[in-house]
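Observations on the model geometry
Next come the chains, spelled out residue by residue.
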Amino acid sequence: MKERQLGNNGFAISEIGLGCWQLGGDWGDKINKQRAREILDEAVRNDVNFFDTADVYGDGRSEELIGEFIKASNANIKVATKFGRSGNVFPNSYSEQALRRSVDASRKRLHKDCIDLLQLHCIPIEELKKGEIFDWLRTLKKEGKITHFGASVESVEEGLICLEQEGLQSLQVIYNIFRQKLTDELLPQAHEKGVGIIVRLPLASGLLSGKFTSETQFAKSDHRNFNKDGEAFNVGETFAGLPFKVGVKLSDELKEFCPENLSLAEMSLRWILDHKEVTTIIPGASSAKQVMQNARTSDLSSLSNPLMKELKEFYRTNIHSNIRGVY
């Protein structure tokens, strides 16, 4: 597993991290403690040393599982968590006191005196523009409660606003073959400012695994069911903003671009890593096998320049006009 530096003066982390939303059991089949432990163990066995979670994933359950794992295994893991989407603050009740309460609760659940990376969790753009919340984060950093701070954002505009803030360590973004708009403006500016890029939804909620058909059904509690058209939150967080059947069709067409030795999922993950601005990818996993498969991407050869150009053109002509939601 190769490593990259998370921004200027940041820490080195694995190119493939682990997204831990599913560990919270908020959607899909609930992952019990034993399977969660198997997933986390497999991540460490494959030299994955960066876990991404949030205070609202399972109302703290994801953080608790990670904290228990690190305490029991003594693994050297960097953990990123988030603040800003719990019902007591979202969308317009942000305060320094609420931030402090959240951070203290996360520290306790994670068994960490100091959180490695605290990220704003897709908070409203109005709060980002005010800027006060970044002052609160800088204060927490000075107090030693967080090592670094960053922001998880939903659009290029939000990302550019955050880049103006002194001390910003990272941006977490939705970025994949289906969602390439960030390539031209946001990623180069982040790189120039020494801000790391954490990529979520690298496989577009599983579309880019190539395993779905237009008849695939998802559980009632799965966001790929209840948020498929943005009914619950930003539609971009589900299938990268594509209508499901359109996404399945495009995924099938993308298989024709895969080099002989790569699956669609492998090509899709490698495509992201072949952008130098990206620090790490955080695919989720519901099994140890998925963790192992994702981790292998770090050792794959880069895609050829002609293929990268073909995938960019395919996005421009076939995908971009189908994307919905803020972007």
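All right, on to helix α9 (residues 244–254) then. Phe 244, Gly 247, Val 248, Leu 250, Ser 251 and Leu 254 are the residues of α9 that are buried. The inward-facing, buried residues of α9 contact α10 (264–273) and α12 (305–319).

Here the focus is the nonpolar core. If you look at the biggest cluster of nonpolar residues, it comprises 72 residues, and the most contacted ones within it are Leu 171 and Phe 178. Those residues in contact with Phe 178, other than ones at most four positions away along the chain, are Ala 204, Leu 207, Leu 208, Ala 240, Leu 242, Gly 247, Leu 250, Ser 251, Leu 254, Tyr 315, Ile 319 and Ile 323.

We now examine the pairing of strand β7 (residues 146–152). Counted residue by residue, β7 has six buried out of seven residues, so it is predominantly covered. For strand β6 (residues 115–121) and β7, the ladder comprises six bridges, and the chain directions are parallel. Residue Leu 120 lies in a different strand from β7, and its bridge partner there is Ala 151. Taken together, the four bridges between β7 and strand β8 (residues 168–174) define a ladder with parallel strand orientation. Note on β8: the bridge partner recorded for Phe 149 is Leu 168. At this point the chain moves from β7, through helix α6 (residues 156–163), to the parallel β8, and the crossover so formed is right-handed.

What follows covers the pairing of β6. Taken across its seven residues, β6 has seven buried, putting it largely inside the fold. One ladder, built from four bridges, connects strand β5 (residues 78–83) with β6; its direction is parallel. Each residue of the ladder has a partner; that of Phe 83, found in β6, is Leu 120. Between the parallel elements β5 and β6, the chain passes through helix α3 (residues 96–110) in a crossover that is right-handed.

Quick look at the environment of Val 278 now. Here Val 278 lies in the loop between α10 and β10 (280–281). A residue is classified by how much of its surface remains accessible, and Val 278, at 1% relative accessible area, is buried. Each C-alpha atom of the pair Val 278 and Ser 251 lies 23 Å from the other, and the pair is 27 residues apart in sequence. Residues within four places of Val 278 in sequence aside, it is in contact with Arg 4, Tyr 175, Ile 197, Val 199 and Ile 272.

With that settled, consider unusual backbone geometry. With omega at 10°, the peptide bond leading from Phe 90 into Pro 91 counts as cis. Mapped onto the secondary structure, Pro 91 falls in the loop between β5 and α3. Despite not being glycine, Ala 204 shows a phi value in the positive range, around 50°. Mapped onto the secondary structure, Ala 204 falls in the loop between β9 (196–200) and α8 (223–226). The phi torsion at Ser 205 lies on the positive side, around 60°, for a residue other than glycine.

This next bit is on the pattern of salt bridges. Scanning the entire structure with this criterion turns up 23 salt bridges. Asp 104 serves as the salt-bridge partner of Arg 107, at 2.7 Å between the closest nitrogen and oxygen. Here Asp 104 and Arg 107 lie together in helix α3, a separation of three residues that amounts to about one turn. One continuous salt-bridge network, built from bridges that share partners, spans Glu 96, Arg 100 and Glu 143.

Cut-offs applied
- Residues numbered from 1 in each chain as written.
- Predicted model: local features only at pLDDT ≥ 70, side-chain atom pairs only at ≥ 80, totals over all residues.
- Heavy atoms only, no water.
- Buried < 20%, exposed > 50% of the residue type's maximum accessible area, 1.4 Å probe, protein only.
- Helix = DSSP H or I, 4+ residues; strand = E, 2+ residues; numbered from the N terminus.
- Contact = heavy atoms within 4.5 Å.
- Core = buried A, V, L, I, M, F, W, Y, C linked by side-chain atoms within 4.5 Å.
- Pairing = 2+ DSSP bridges.
- Right-handed = clockwise from strand over helix to strand, strands pointing away.
- Salt bridge = Lys/Arg side-chain N within 4 Å of Asp/Glu carboxyl O.

In short, the description is geometric, and any link to function would need to be established separately.
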